[in-house]
Amino acid sequence: MDDREPQHQDHDLVSDAGHEIKGMAKEGLNHPSTKPVLTGAAIGAIAGGVLPVVTWPLGLVAGAGFMLYKRLRP
C-alpha cells in the first residue's frame, strides 16, 4: 500500500462553496461564478423538464450544483 496523500483534497470544499455562494450573493451578476452557475441551473431545469423521472426543480438544483462544483474544482 502507498501511504502518500491523495493528490486532490476536497476537505475544504464546503467552506469554499460557502465563500463562493456568499460572494455571488453580495456581488450579483458582477461575480465571475454567477453566470455559469445560472446557466447550469437553466440547463438542468430544462433537462429535468424533458426527462420522465426527474422534475425541473431537481434538475435546476443539480445543474447549479454541478456548475458550482466545476467552478471550485476545475
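Shown above is the structure to which this text applies.
Residues numbered from 1 in each chain as written. Predicted model: local features only at pLDDT ≥ 70, side-chain atom pairs only at ≥ 80, totals over all residues. Heavy atoms only, no water.

**Q** Before we go on, may I ask you to explain the overall build of the protein chain in this structure?
**A** Helices and strands together make up the secondary structure of the protein chain, namely three helices and zero strands. Its helices and strands in sequence order give the protein chain the pattern α-α-α, from N to C terminus. A total of 74 residues make up the protein chain; the buried ones form 26% of that total. Summarising the internal contacts of the protein chain: among those between residues at least 6 apart in sequence, 48% fall at separations of at least 24. (Helix = DSSP H or I, 4+ residues; strand = E, 2+ residues; numbered from the N terminus. Buried < 20%, exposed > 50% of the residue type's maximum accessible area, 1.4 Å probe, protein only. Contact = heavy atoms within 4.5 Å.)

**Q** Would you take a moment to explain helix 3 (residues 56-72) for this structure?
**A** In an α-helix, one turn spans 3.6 residues; hence positions three or four apart end up facing the same way. Along its 17 residues, helix 3 runs 24 Å from first to last C-alpha, staying within 8% of the 24 Å computed at 1.5 Å per residue. Along helix 3, the residues classified as buried are Gly59, Gly63, Ala64, Leu68 and Leu72. The elements touched by buried residues of helix 3 are helix 1 (13-27) and helix 2 (34-50). (Expected span 1.5 Å × (residues − 1).)

**Q** How do you make sense of the side chain of glutamate 20 when you look at a structure like this?
**A** Within the secondary structure, glutamate 20 sits in helix 1. One buried charged residue, glutamate 20, remains without a salt bridge, the closest side chain of opposite sign being arginine 71 at 5.1 Å. If we skip the residues at most four places from it in the chain, glutamate 20 touches His31, Ser33, Leu68 and Leu72. (Lys, Arg positive; Asp, Glu negative; His and termini not counted. Salt bridge = Lys/Arg side-chain N within 4 Å of Asp/Glu carboxyl O.)

**Q** It is not clear to me how the environment of alanine 47 should be interpreted in this structure. Could you clarify?
**A** Position of alanine 47 among the secondary structure elements: in helix 2. Residues alanine 47 and leucine 60, spaced 13 residues apart in sequence, show a C-alpha to C-alpha distance of 8.5 Å.

**Q** What exactly am I supposed to notice about the packing of helix 2 against helix 3 here?
**A** Think of two packed helices as two axes; the pair is described by the angle between the axes and how far apart they sit. Where helix 2 meets helix 3, the closest approach of the two axes is 6 Å, and the angle between their N-to-C directions is 145°. Crossing geometry of helix 2 relative to helix 3 is assigned as right-handed. Contacts between helix 2 and helix 3 involve Pro36, Val37, Gly40, Ala41, Gly44, Ala45, Gly48 and Gly49 from the former and Trp56, Gly59, Leu60, Gly63, Ala64, Met67, Leu68 and Arg71 from the latter. (Axes fitted to C-alpha atoms, helices over the stretch in contact; angles between N-to-C directions. Left-handed = near helix turned anticlockwise from the far one by under 90°.)

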